[in-house]
Amino acid sequence: MLRRRSPRPALLRLCAALLAGTLLAACASPHYLQLNPQRSAEVPVTGSGQAITVIAVDGRDSEVIGTRTGSAMSTATITVNAHELVPHLQREAERAVRDMGFRPTTESAPGRPSLTLTLDHLGYERGQSRPVIDEARIEAVFIAEAVNGGNTYTGTYTSRRTQSYAIRPDRDTNTRMVNDLLADGLNRAFRDPELGRLLAR
């Protein structure tokens, strides 16, 4: 007597193959991070209402900050678009200058002090790999340049973070990590007392 072979094993193999394909596609998909970093540190108050020209710029070589796999050839890129990020940096720079006691403006004028905030570097790399655990290493570098008369002060502020994980971070997790990193960079920059001192001269 012939027995009919159950279709269940084939169905299970098909489901497993589809799931694996979906997971691989998810791992290979690019991430576009929409960031909104915000300074939380107190800033030194040195101004008395003077107008300060404030400009935020993106000085990076590329909007791609890295890949989720750590391989330069991977299609799983992580991108932060300048046109989306710069307005947030501009807002935070103006807020910091206002909290310092100055009056921020985007218009330049002869003899007016100025502050330029540049995002010089933003990188996302794969760190050390251990059994079951991997690492993501991210780094941000801000440069703040204050100019007043013939005097210039330039500060460089580097923030780094290493995050261990068993499951590769999704877009929301990467967004949160990079937001926190940039917020730390903003805190480091604007609590530098030399910026305010030069602008107040």
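Enquirer: Any chance you could break down the overall build of the chain for me, citing the residues and the numbers?
Expert: The secondary structure content of the chain amounts to 4 helices and 8 strands. Along the chain direction, N to C, the helices and strands of the chain fall in the order α-β-β-β-β-α-β-β-β-β-α-α. The 201 residues of the chain split such that 40% are buried. In the chain, of all internal contacts separated by at least 6 residues, the share reaching a separation of at least 24 is 74%. Of the roughly 11,600 Å² that the chain leaves accessible, carbon and sulfur atoms contribute 52%.

Enquirer: Let's hear about the confidence of the model for the chain: which residues, and what values?
Expert: Averaged over all residues, the pLDDT of the chain is 87; the fraction at 70 or higher stands at 82%. Predicted confidence for residues 14-26 stays below pLDDT 50, and this span has 1 contact to residues more than four positions away or in other chains.

Enquirer: Explain the packing of helix α2 (residues 82-99) against helix α3 (residues 171-190) to me, using residue names and the numbers behind them.
Expert: Viewed as axis vectors pointing N to C, α2 and α3 meet at an angle of 35 degrees, and their least axial separation amounts to 11 Å. As for how α2 packs across α3, the hand of that crossing is right-handed. Along the contact surface, α2 presents L85, L89, E92, A93 and A96, while α3 presents L182, L186 and F190. Counted by class, the contact of α2 with α3 contains 7 nonpolar, no polar and 1 charged residues.

Enquirer: Before we move on, can you summarise the environment of S114 with the specific residues and values?
Expert: As for its placement among the helices and strands, S114 is situated in strand β6 (residues 114-126). The exposure class assigned to S114 is buried, which follows from its relative accessible area of 19%. Residues S114 and A146, 32 residues apart in the sequence, show an inter-C-alpha distance of 5.8 Å. Those residues within four positions of S114 in sequence are excluded, and the remaining contacts are I52, T53, E145, A146, V147 and L199.

Rules behind the numbers
Residues numbered from 1 in each chain as written. Predicted model: local features only at pLDDT ≥ 70, side-chain atom pairs only at ≥ 80, totals over all residues. Heavy atoms only, no water. Helix = DSSP H or I, 4+ residues; strand = E, 2+ residues; numbered from the N terminus. Buried < 20%, exposed > 50% of the residue type's maximum accessible area, 1.4 Å probe, protein only. Contact = heavy atoms within 4.5 Å. Areas by Shrake-Rupley, 256 points an atom, 1.4 Å probe, with all protein chains shown as cover. pLDDT = per-residue confidence, 0-100. Axes fitted to C-alpha atoms, helices over the stretch in contact; angles between N-to-C directions. Left-handed = near helix turned anticlockwise from the far one by under 90°. Nonpolar A, V, L, I, M, F, W, Y, C, P; charged D, E, K, R; others polar.

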